[in-house]
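Fold and geometry: a report
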Amino acid sequence: MIKFILIVNKLGQTRLAQYYTTGLSINKRVALENEITRRCLSRKDKECSFLEFRDLKVIYRRYASLFFLVGVDEEENELGILEFIHCLVETLDKYFENVCELDLMFNIDKAYMILDEMALNGNIIETNKKNIIAPLHIIDQVSKKLK
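Worth saying up front: this structure is predicted, and the values here are computed from it rather than measured.

What follows deals with the UniProt feature "domain: AP complex mu/sigma subunit" (unreviewed entry) in the chain. Sites flagged by UniProt as "domain: AP complex mu/sigma subunit" (unreviewed entry) map to residues 1-141. Helix and strand shares over residues 1-141 are 46% and 26% respectively, and the end C-alpha atoms of the span are 34 Å apart.

Strands sit in the order β2-β1-β5-β4-β3 across an open sheet of 5 strands; the sheet is antiparallel. Looking at the sheet topology across the chains shown, the edges are occupied by β2 (14-19) and β3 (50-53). Going across the sheet, the axis of each strand differs from the next one's by a mean of 20°, ignoring polarity. Sheet topology note: the strand β1 (residues 2-9)/β2 ladder contains 5 bridges and is antiparallel. Residue pairing across strands places Leu6 opposite Ala17, the latter belonging to β2. Running at roughly 140° to β3, helix α1 (residues 26-41) makes contact with β1, β2, β3, β4 (56-63) and β5 (66-72) of the sheet. Helix α2 (residues 78-96) rests against β1, β3, β4 and β5 of the sheet, and its axis sits at about 40° to β4.

Once that is clear, we can look at the pairing of β3. The alternating pattern of β3 places Leu51 and Phe53 on a buried face, while none of Phe50 and Glu52, on the opposite face, is buried. Of the strand pairs in this sheet, β3 and β4 are connected by 4 bridges, and their pairing is antiparallel. Looking at β4, one finds that Glu52 is bridged to Lys57. In textbook terms, the turn of a hairpin is the stretch between consecutive antiparallel strands, and for β3 and β4 this stretch comprises 2 residues, one of which, Arg54, has a positive phi near 50°.

Turning our attention to helix α5 (residues 129-146). The end-to-end C-alpha separation of α5 is 26 Å, in line with the 26 Å expected for 18 residues at 1.5 Å each. Taking the largest bend as the criterion, α5 deviates by roughly 25°, centred on Pro135. Looking only at α5, the buried set comprises Ile132, Ile133, Leu136 and Asp140. Of the surrounding secondary structure, the elements contacted by the buried residues of α5 are α2 and α4 (108-118). Its side-chain oxygen placed 3.0 Å from the backbone nitrogen of Lys130, Asn128 serves as the N-cap of α5.

Bringing α1 into the picture now. Note that an α-helix has 3.6 residues per turn; residues three or four places apart therefore point the same way. If you check α1, its first and last C-alpha atoms are 22 Å apart, about what 16 residues at 1.5 Å a residue would give, namely 22 Å. Those residues of α1 that sit buried are Leu32, Glu33, Ile36, Thr37 and Cys40. All buried residues of α1 lie within an arc of 120° about the axis, which places them on one face of the element. For α1, the exposed residues lying more than 90 degrees away from the buried face are Asn27, Lys28 and Arg38.

What follows concerns the packing of aromatic side chains. All chains considered together, the criterion is met by 3 aromatic pairs. On the numbers, 5.9 Å between centres and 40° between planes, the contact of Phe4 with Tyr19 is tilted. With a gap of 15 residues between them, Phe4 in strand β1 and Tyr19 in strand β2 connect regions that are remote in the sequence. Tyr19 carries the same exposure label as Phe4, and that label is buried.

Rules used throughout
Residues numbered from 1 in each chain as written. Predicted model: local features only at pLDDT ≥ 70, side-chain atom pairs only at ≥ 80, totals over all residues. Heavy atoms only, no water. UniProt positions renumbered as here; feature names shortened; annotations may be inferred. Helix = DSSP H or I, 4+ residues; strand = E, 2+ residues; numbered from the N terminus. Pairing = 2+ DSSP bridges. Axes fitted to C-alpha atoms, helices over the stretch in contact; angles between N-to-C directions. Contact = heavy atoms within 4.5 Å. Buried < 20%, exposed > 50% of the residue type's maximum accessible area, 1.4 Å probe, protein only. Expected span 1.5 Å × (residues − 1). Bend = angle between axes of the 7 residues up to and from the residue. Polar contact = N/O pair within 3.5 Å; in protein donor to acceptor, adjacent residues only side chain to side chain. Arc of directions from axis to C-beta. Phe/Tyr/Trp six-rings, centres within 6.5 Å; stacked < 30°, edge-to-face > 60°.

As structure tokens, then:
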């Protein structure tokens, strides 16, 4: 089960954070993000993309200037989560047409919608890019008509 998904830049600034666990205060979340981000960003490119942190496995991958970090249970399949990260990046790329950090900053609501279409309560529910993006295109069409 997925515990959290983070997207951070090369400086360690969190651009998107989604938690699927309860009981973590905001201060604990910030401390967790800082520690995990510091550990992932300090690793070399040739090192493995998996690390163990407390009772979690953290799987991460770097795309351009963004790091995608996913914290999961110890039973979760690491390669499956890497595929999920890749699918998330491809979906963001398809919607934003070559996604960058600014796209996430100025359209954070749409980034969360994409993430919510892909994962629910820590479980992956959809990986088909067309099905994920379809509700966003409908919202875009309605908002254009209202303007």
